[in-house]
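Close look at the chain arrangement
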Amino acid sequence: MRRSLVTNTLSIAILALSTCGYAVADDKQSFEQIERGRYLAAAGDCAACHTVPGGAPFAGGLPLVTPFGTIVSTNITPDPKTGIGAWSDDAFVDALHKGVRADGSQLYPAMPYPSYTKVTRDDALAIRAYLQTVTPVDHDVVADQLPFPLSIRKDMAVWNMLNFTEGFFQPTTSKSAEWNRGAYLVQGLGHCGTCHTPKSALGAEKADVALKGSEIESWLAPDLTDDKRTGLGNWTSDDIESYLKTGSNQHGIASGPMSEVIRFSTSAMSDPDLKAIAVYLKDLKTAPSPAVTAQAASTAQMTAGAAIYKDSCAACHRDDGHGVPHLFPRLAGNGALQASEAVSAVHIVLHGSQGVGTKAAPTAPAMPAFDWVLNDAQVAAVLTYVRNTWGNAAAPVSAGDVGKYRTAGK
Amino acid sequence: MADKTAGGQAVAASSSLQQTRRSLLATTTLALLFAPFANVEARTFGGVLPWIPESADPPTPFQPGGWHYFDAREASTMEAIVERLIPGDDLGPGGRDVGCAVFIDRQLAGPYGDSRRLYMRPPFAKAAATLGPQSQDGPAAQYRRGLAAINAYCRTTFANKEFSDLSPAEQDTVLTGLEKGTIALSDGVAGPQFFKLMLQNTKEGFLADPIYGGNRDMAGWVLIGFPGARYDYRDHIEKHNVAYPLPPVGIMGRSSWNQKS
């Protein structure tokens, strides 16, 4: 599996070398390893957190809002003073694997080491080799902005004791190599659970409900299990691959934080790796989410919602809720739309959203904002309608649910 | 707007093979037209189109209640006039009940009223109507003088009555005289011209989106069968000789959008 990947990137690399006279890599960090590291760094989406939009790659400084406060990402360019150029390879591997810095102090789990701990030493070293080749940037980042008592790094040792299991990925021998490759990417570098797994009060991923969906920054990272109603039960593995590669498929278009994950990370992954992820996700069988009875079409809220839908939404999402493939998401049978909380949907209807544009699908269609025309009760009505029509079933949305997001999370 | 891109596109378009000579000439003039602006920096968008949340530029809905430009007497005169220009009947409400006077009031209080966007300075000439207004009065000032002149005329002609106190038949006589130019108004008000302005604005109030204060409950649209601010008819295009079934909808929606408890 991985082999073919390596040879692939290698041949591309050799092509690049011969056509544009690429800088010659030194012997210790072979070109092949660096290119593999580049690929893995994309798969791990290190740039998403370690690069400020428009800023120097990997120079850090991006503030990350966590339930506990704001944490600023660090400079991981090879600058010896302010970056990690002076770190030993072991120290680098430990940052990913154990969540400790070169000086032995603890990292905060805003750096997803609880996932990266699964990454093999070999892969970690490849990422390291690649990072050594990026332009060093002199950029001193003040990382700690957490309120006491969380501002004490030592406390993270206690957090780790409660919430963190260190350990490289262990393959499940009863499953195929492809499945295991998918599991390795999802649980490890892809750190999909960082967004898609519900968190405990301490901000740790709850293992028993892994990938069952969670709320982040007023978006819903939906259920990725094979659940028919709220999850990917209606998606084929081709649908999943196309979504991760291009940002859209016959069901929908990625928006919000997922559009960034796709643009910078999964769209750069190889087809076999995406296939592996799809195979793994399709095999995530969980107890089906509790059945919900759809709202009757005749309630006052549903009738108002139907009128709004017909006048304001049907032009794109169509009367039958089928949308237009790759252009306007399908709302009928849409798992994310039927999650218990309608956060993303509220967000999208109020503020609008642009879908992801990738090399493979550059259109990036956008949904207009409706905050200027619909009041809270009307947004609630139209969402209750789309969550309970065409066979969809989910709890009704209240005006209060909408009001919370009117100014938040624009 | 007028930048390199526009000129550039015109040039690029003219190289297309299907181009007829005529449109070629047209595009050349376009290119010439834009040439003086050629130093304006063109913007190039690559990759994903730029997009900003909430980039809608919605009109400001009118604020109900009170008059913003008219005083009480002007308001009652105006309501009487719009009700004669479009009288209510068994087909639906008339100009007053759909809020034409409110519409005109809000327009006169806004940029339309003082012709803020037009060149309104001298020299003024006695010239054909096609050369545009020959006075520095915008519509607001014209209404102020015109309505006062109408009431002055009514007071002298109808035993000290205001226009709004007249019977509908008498009101029609005054309006007809105004339209035909057969009655003389004080203060140099040109009757036919003012009549034309009021008729135009009343029609606008009757048919513009309710967001501007007139066309209440989209009565004007119901009357003429206009579907309003809808933008997708694909489901209906193929259905020939079948009445379009949906009620009109305004920019800010329609009453069915609200939950009836």
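All values reported here derive from a predicted model rather than from experimental measurement.

1. Digging into the overall build of chain B
- For chain B, the count of helices and strands is eight helices and zero strands.
- Element order for chain B, N to C, with α for helix and β for strand: α-α-α-α-α-α-α-α.
- Relative to its 261 residues, chain B shows a buried fraction of 34%.
- Nonlocal contacts in chain B, meaning residues at least 24 apart in sequence, comprise 59% of its contacts between residues at least 6 apart.
- When the accessible surface of chain B is split by element, carbon and sulfur atoms take 58% of a total near 16,200 Å².

2. A closer look at the confidence of the model for chain A
Residues and elements named next belong to chain A.
- Residue-level pLDDT values for chain A average 86, and 89% of them are 70 or greater.
- When pLDDT is averaged over each element of chain A, helix α15 (residues 376–387) comes out on top at 98 and helix α1 (residues 2–20) at the bottom at 33.
- Counted against residues more than four places away or in other chains, residues 1–25, with its pLDDT under 50, gives 23 contacts.

3. So, the interface of chain B and chain A
- Of the residues lining the interface, 23 residues belong to chain B; the matching set on chain A comes to 31 residues.
- When the two sides are added together, the surface that chain B and chain A hide from each other amounts to roughly 2,300 Å², 56% of it contributed by carbon and sulfur.
- Our count for the chain B to chain A interface comes out at four salt bridges.
- Joining chain B to chain A, the criterion identifies seven residue pairs in polar contact (both at pLDDT 80 or more).

4. Section: the nonpolar core
- By size, the foremost hydrophobic cluster in this structure holds 57 residues, and its most contacted members are A:Ile277 and A:Leu281.
- Other than its neighbours up to four places away in sequence, A:Leu281 contacts A:Val186, A:Leu211, A:Leu224, A:Asp226, A:Leu232 and A:Ile240.
- Ranked by size, the runner-up nonpolar core spans 38 residues in total, among them B:Leu85, B:Leu108, B:Leu147 and B:Val174.

5. Things to note about the packing of helix α3 (residues 72–85) of chain B against helix α7 (residues 191–207) of chain B
Residue and element names in this part refer to chain B.
- The N-to-C vectors of α3 and α7 enclose an angle of 75°; their axes lie 10 Å apart at closest approach. Overall, the two elements α3 and α7 adopt an arrangement that is roughly perpendicular. Along its contact with α3, which presents Met78, Ile81, Val82 and Leu85, the element α7 presents Phe195, Met198, Leu199 and Thr202.
- A per-class count over the contact of α3 with α7 returns seven nonpolar, one polar and no charged.

6. Some points on unusual backbone geometry
- The omega angle of the peptide bond from B:Pro122 to B:Pro123 is 5°, so this bond is cis rather than trans.
- One non-glycine residue, A:His326, adopts positive backbone phi at about 70°.
- Overall, the relative accessible area of 43% leaves A:His326 in the partly exposed class.
- In this model, B:Ala159 sits at a positive phi of 50°, which is unusual for a non-glycine residue.

Each value, and the rule that gives it
- Residues numbered from 1 in each chain as written.
- Chains lettered and ligands numbered in written order.
- Predicted model: local features only at pLDDT ≥ 70, side-chain atom pairs only at ≥ 80, totals over all residues.
- Heavy atoms only, no water.
- Helix = DSSP H or I, 4+ residues; strand = E, 2+ residues; numbered from the N terminus.
- Buried < 20%, exposed > 50% of the residue type's maximum accessible area, 1.4 Å probe, protein only.
- Contact = heavy atoms within 4.5 Å.
- Areas by Shrake-Rupley, 256 points an atom, 1.4 Å probe, with all protein chains shown as cover.
- pLDDT = per-residue confidence, 0-100.
- Buried area = accessible area lost by both parts, 1.4 Å probe.
- Salt bridge = Lys/Arg side-chain N within 4 Å of Asp/Glu carboxyl O.
- Polar contact = N/O pair within 3.5 Å; in protein donor to acceptor, adjacent residues only side chain to side chain.
- Core = buried A, V, L, I, M, F, W, Y, C linked by side-chain atoms within 4.5 Å.
- Axes fitted to C-alpha atoms, helices over the stretch in contact; angles between N-to-C directions.
- Parallel < 35°, antiparallel > 145°, perpendicular 65-115°, else oblique.
- Nonpolar A, V, L, I, M, F, W, Y, C, P; charged D, E, K, R; others polar.

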